[in-house]
Amino acid sequence: QVQLVESGGGLVQAGGSLGLSCAASVNIFSINAMGWYRQAPGKQRELVAFITSGGNTNYADSVKGRFTISRDNAKNTLYLQMNSLKPEDTAVYYCNLIRASGEVYWGKGTLVTVSS
């Protein structure tokens, strides 16, 4: 059973920065892809960014140039550095892992609130 535990959420003013972490209970070295999603109140969950086992990254247009996804295979941890935060970035942020078998796992989420 794979467990993902997010941390680092909180309250920040617009223009500020936060860093999220996602600790995995398995070795992520060969994990097909890992990503961050978010869900704002009353909205559907959306992809924020993902990173493949080869290190390729992809970002939602709304966060390009402001957010950076990275992974530390030695620590089995996924990161999301968020800069120049906006009130519209307020959401619960979820970590996601996709195994080569196609199995998908989710963390329980961490709340990010950006005040104007």
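The shown structure was predicted, so the numbers you read here are calculated from the model rather than taken from an experiment.

J.: For this particular structure, what's the right way to read the nonpolar core?
T.: Buried together is how nonpolar side chains tend to be arranged in soluble globular proteins. One finds Trp36, Leu80, Met82, Tyr93 and Leu97 to be the most contacted residues of the largest nonpolar core, which totals 32 residues. Those elements giving two or more residues to this core turn out to be strand 3 (18-24), strand 4 (33-39), strand 5 (46-52), strand 7 (67-72), strand 8 (77-82), strand 9 (91-98) and strand 11 (110-115). Not counting residues up to four positions away in its chain, the partners in contact with Leu97 are Val2, Leu4, Val26, Ile28, Ile31, Ala33, Met34, Glu103, Val104 and Tyr105.

J.: How should the pattern of salt bridges be read in this particular structure?
T.: Taken as a whole and assessed by the stated rule, the structure comprises four salt bridges. Here Lys64 makes a salt bridge to Asp61, at a shortest N to O gap of 3.2 Å. One salt bridge in this structure joins Arg66 and Asp89, with 2.7 Å as the shortest N-O distance. One end of the pair, Arg66, is in the loop between strand 6 (57-59) and strand 7; the other, Asp89, is in the loop between strand 8 and strand 9, and 23 residues separate them in sequence. Given a relative accessible area of 11%, Arg66 falls into the buried group. Salt bridges sharing common partners tie together Arg38, Glu46, Arg66 and Asp89.

J.: I would appreciate a short explanation of the sheet that holds strand 7 in the present structure.
T.: Strands pair in a sheet through their backbones, by hydrogen bonds, and they do so in one of two ways: parallel or antiparallel. With antiparallel pairing, four strands are arranged side by side in an open sheet as 1-3-8-7. In the strand order of this sheet, the two ends are held by strand 1 (4-7) and strand 7, each with one partner. Strand after strand, the sheet turns through a mean of 15° between neighbouring axes, direction not considered.

J.: Looking at this structure, how should I read the environment of Tyr94?
T.: Checked against the element boundaries, Tyr94 lands in strand 9. As a C-alpha pair, Tyr94 and Val5 span 89 residues in sequence and 9.1 Å in three-dimensional space.

J.: What am I meant to see in the side chain of Arg71 here?
T.: Among the structural elements, Arg71 can be located in strand 7. Among buried Asp, Glu, Lys and Arg side chains, Arg71 stands out as unpaired, with Asp72 the closest opposite charge at 8.7 Å. Side-chain polar atoms of Arg71 contact the backbone oxygen of Ile28, separated by 2.6 Å. Discounting chain neighbours no more than four positions away, the residues touching Arg71 are Ile28, Phe29, Ile31, Ile51, Thr52, Ser53, Thr77 and Leu78.

J.: Help me out: how do you make sense of the packing of aromatic side chains in this one?
T.: For any pair of aromatic rings, the description rests on two quantities: the centre-to-centre distance and the angle between the ring planes. Scanning all chains against the criterion turns up one aromatic pair. Here the aromatic rings of Tyr37 and Trp106 are separated by 4.9 Å at their centres, their planes lie at 70°, and the arrangement is edge-to-face. Placement of the pair is Tyr37 in strand 4 and Trp106 in strand 10 (residues 104-106), with a sequence separation of 69 residues. Note on Tyr37: relative accessible area 22%, which makes it partly exposed. Across the ring face of Tyr94, the terminal group of Arg45 is positioned such that the distance to the ring centre comes to 3.7 Å. Directly above the ring of Trp106 sits Arg45, whose terminal nitrogen or CZ lies 4.6 Å from the centroid.

J.: What's the story with unusual backbone geometry in this structure? I'm lost.
T.: Where the residue is not glycine, phi is negative for most of them; where a peptide bond is considered, it is trans in most cases. The backbone phi angle of Asn76 is positive, close to 50°, even though this residue is not glycine. Mapping Asn76 onto the fold places it in the loop between strand 7 and strand 8. Even without a glycine there, the phi angle at Ser84 is positive, about 50°. One can find Ser84 in the loop between strand 8 and strand 9. Judged by relative accessible area, which is 40%, Ser84 ranks as partly exposed.

Calculation notes
Residues numbered from 1 in each chain as written. Predicted model: local features only at pLDDT ≥ 70, side-chain atom pairs only at ≥ 80, totals over all residues. Heavy atoms only, no water. Core = buried A, V, L, I, M, F, W, Y, C linked by side-chain atoms within 4.5 Å. Buried < 20%, exposed > 50% of the residue type's maximum accessible area, 1.4 Å probe, protein only. Helix = DSSP H or I, 4+ residues; strand = E, 2+ residues; numbered from the N terminus. Contact = heavy atoms within 4.5 Å. Salt bridge = Lys/Arg side-chain N within 4 Å of Asp/Glu carboxyl O. Pairing = 2+ DSSP bridges. Axes fitted to C-alpha atoms, helices over the stretch in contact; angles between N-to-C directions. Lys, Arg positive; Asp, Glu negative; His and termini not counted. Polar contact = N/O pair within 3.5 Å; in protein donor to acceptor, adjacent residues only side chain to side chain. Phe/Tyr/Trp six-rings, centres within 6.5 Å; stacked < 30°, edge-to-face > 60°. Lys NZ or Arg CZ within 6 Å of the ring centre and 35° of its normal.

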